[in-house]
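Structural characterization, general
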Amino acid sequence: MANIGAIVGGALRVIRERPGAVAVWGLVYLVGLVVLSLLVGLVAGTLGMSDPGAGYGQRGGGFYLAILLFYLGWFLLAAILMNAVFRTILRPEERRFFSLRLGMDEWRMFGLILLVVICSIVVGVLVQLLLMLLALVVRMAAGDNELVAGIGGIILLLAYLGGFIWVLVRISLMYPLTFYRRAITLDEAWSLTRGRFWSLFAAYLVIIVLLLVVFGTLFWFSFRDIFAAAAMPATDPYAKDLAVRAAMGQLAAVPLGIRLAVGFVWLVAAVVGSVLWHGMIASATRELLLEDGEVLGEDAESTAAIFE
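Residues numbered from 1 in each chain as written. Predicted model: local features only at pLDDT ≥ 70, side-chain atom pairs only at ≥ 80, totals over all residues. Heavy atoms only, no water.

1. Things to note about the confidence of the model for the protein chain
- This prediction gives the protein chain a mean pLDDT of 82; 80% of its residues lie at or above 70.
- Looking across the protein chain, the model is least confident in helix 9 (residues 237-252), with a mean pLDDT of 67, and most confident in helix 6 (residues 174-181), with 94.
- Within the model, the stretch residues 298-308 combines pLDDT values under 50 with 25 contacts to residues more than four positions away or in other chains. (pLDDT = per-residue confidence, 0-100. Helix = DSSP H or I, 4+ residues; strand = E, 2+ residues; numbered from the N terminus. Contact = heavy atoms within 4.5 Å.)

Here is the structure:
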């Protein structure tokens, strides 16, 4: 079975051993988002975007084209940074330029991301329709018995969540495998994770809990006054509404320097979180391939050797 410690440790070592590269990745992400935002604004303004406050049906075609271009650019940026993390673990010999590239690997990953997004939308719609049909069947079978209907609904929900998590874990290695194989591969990810669900799930859960703690803490400290006002007893709704509005006003009046500092902390957390996640699935891919007897380069004797 895959070593959970090695999977999680591989992700953590990327940050510990290559802090300079992580900092550069964060800078590239920030600059990329700024450039994309400027280009989107230029496209929207040039091709005609009506009043931003208008409804979606009243906006010009430039608005929709700008949104499309933004997401396409964002997906490409994500592919570049994602591959930089994968390259650190799966192709450690390609460390130059902080493992950043813009070649066939990145365009291939870009295509995979688009494919996953499109399939997710289609499958999501179909699954929602199926769930609605099953919920209707459960409701009809329960008749007037609200308890049976409620239990049936809970079972249906748990089955959906369990199946959703199971599928996500089984296909989670398709991104690093596509990078490593230099070809889009979906079936190999499914095969590689067969019989290894629980070890992968446990490793993923460690990182997810860590990220939830970090982002939950940041979110609380960023909006704690609003939360405190919203948690006031509802005995006087008018006073509660005034307190929430006052807290929001205080948040809006925070000096620009503090806002930039808080934004920087959020950026660092987002970059580190992304590196941890993609480092983890790349490390899992490496561990499972080694477990299956595949040799990954000259230094494939141990996961730690790639960082030496």
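2. Some remarks on helix 1 (residues 4-17)
- With 14 residues, helix 1 ought to run about 20 Å at 1.5 Å a step, and its terminal C-alpha atoms sit 20 Å apart, in line with that.
- Along helix 1, the helix axis deviates most sharply at Ala 11, where the bend reaches about 25 degrees.
- The complete set of buried residues in helix 1 reads Ala 6, Ile 7, Val 8, Gly 9, Gly 10, Ala 11, Arg 13 and Val 14. (Expected span 1.5 Å × (residues − 1). Bend = angle between axes of the 7 residues up to and from the residue. Buried < 20%, exposed > 50% of the residue type's maximum accessible area, 1.4 Å probe, protein only.)

3. Section: the packing of helix 1 against helix 10 (residues 256-291)
- Two elements in contact, helix 1 and helix 10, have axes whose closest approach is 7 Å; the angle formed by their N-to-C orientations is 135 degrees. Relative to helix 10, helix 1 is oriented oblique. The two elements helix 1 and helix 10 meet at a crossing, and its hand is right-handed. From helix 1, Ala 6, Ile 7, Gly 10, Ala 11, Leu 12, Val 14 and Ile 15 reach across to helix 10, where they touch Val 272, Val 275, Leu 276, Gly 279, Met 280, Ser 283, Ala 284 and Glu 287.
- Per-class residue counts for the contact of helix 1 with helix 10 are 11 nonpolar, 3 polar and 1 charged. (Axes fitted to C-alpha atoms, helices over the stretch in contact; angles between N-to-C directions. Parallel < 35°, antiparallel > 145°, perpendicular 65-115°, else oblique. Left-handed = near helix turned anticlockwise from the far one by under 90°. Nonpolar A, V, L, I, M, F, W, Y, C, P; charged D, E, K, R; others polar.)

4. Section: the packing of helix 4 (residues 104-142) against helix 6
- With their axes 10 Å apart at the nearest point, helix 4 and helix 6 run at an angle of 150 degrees to one another. Taken together, the axis directions place helix 4 and helix 6 in an arrangement best described as roughly antiparallel. By crossing handedness, the relation of helix 4 to helix 6 is classed as right-handed. Counting all contacts with helix 4, which are made through Asp 105, Arg 108, Met 109, Leu 112, Ile 113 and Val 116, the residues of helix 6 involved are Met 174, Tyr 175, Thr 178 and Phe 179.

5. Comments concerning the pattern of salt bridges
- Taken as a whole and assessed by the stated rule, the structure comprises 10 salt bridges.
- Notably, a salt bridge pairs Arg 16 with Glu 17, separated by 3.7 Å at the nearest N-O pair.
- Accessibility expressed as a relative area gives 53% for Arg 16, which makes it exposed.
- Here Arg 87 and Asp 105 are joined by a salt bridge, their closest N and O atoms 3.7 Å apart. On the criterion of sequence distance, the pair formed by Arg 87 in helix 3 (residues 61-90) and Asp 105 in helix 4 is long-range, its members being 18 residues apart.
- You can call Arg 87 buried: its relative accessible area is 1%.
- Members of the salt-bridge network, linked through shared partners, are Arg 87, Arg 91, Glu 94, Asp 105, Glu 106, Arg 108 and Arg 182. (Salt bridge = Lys/Arg side-chain N within 4 Å of Asp/Glu carboxyl O.)

6. Let's talk about the side chain of Thr 178
- Along the chain, Thr 178 falls in helix 6.
- What makes Thr 178 buried here is its relative accessible area of 1%.
- Setting aside anything within four residues of it in sequence, one finds Thr 178 in contact with Arg 108, Leu 112, Ala 183, Ile 184 and Thr 185.

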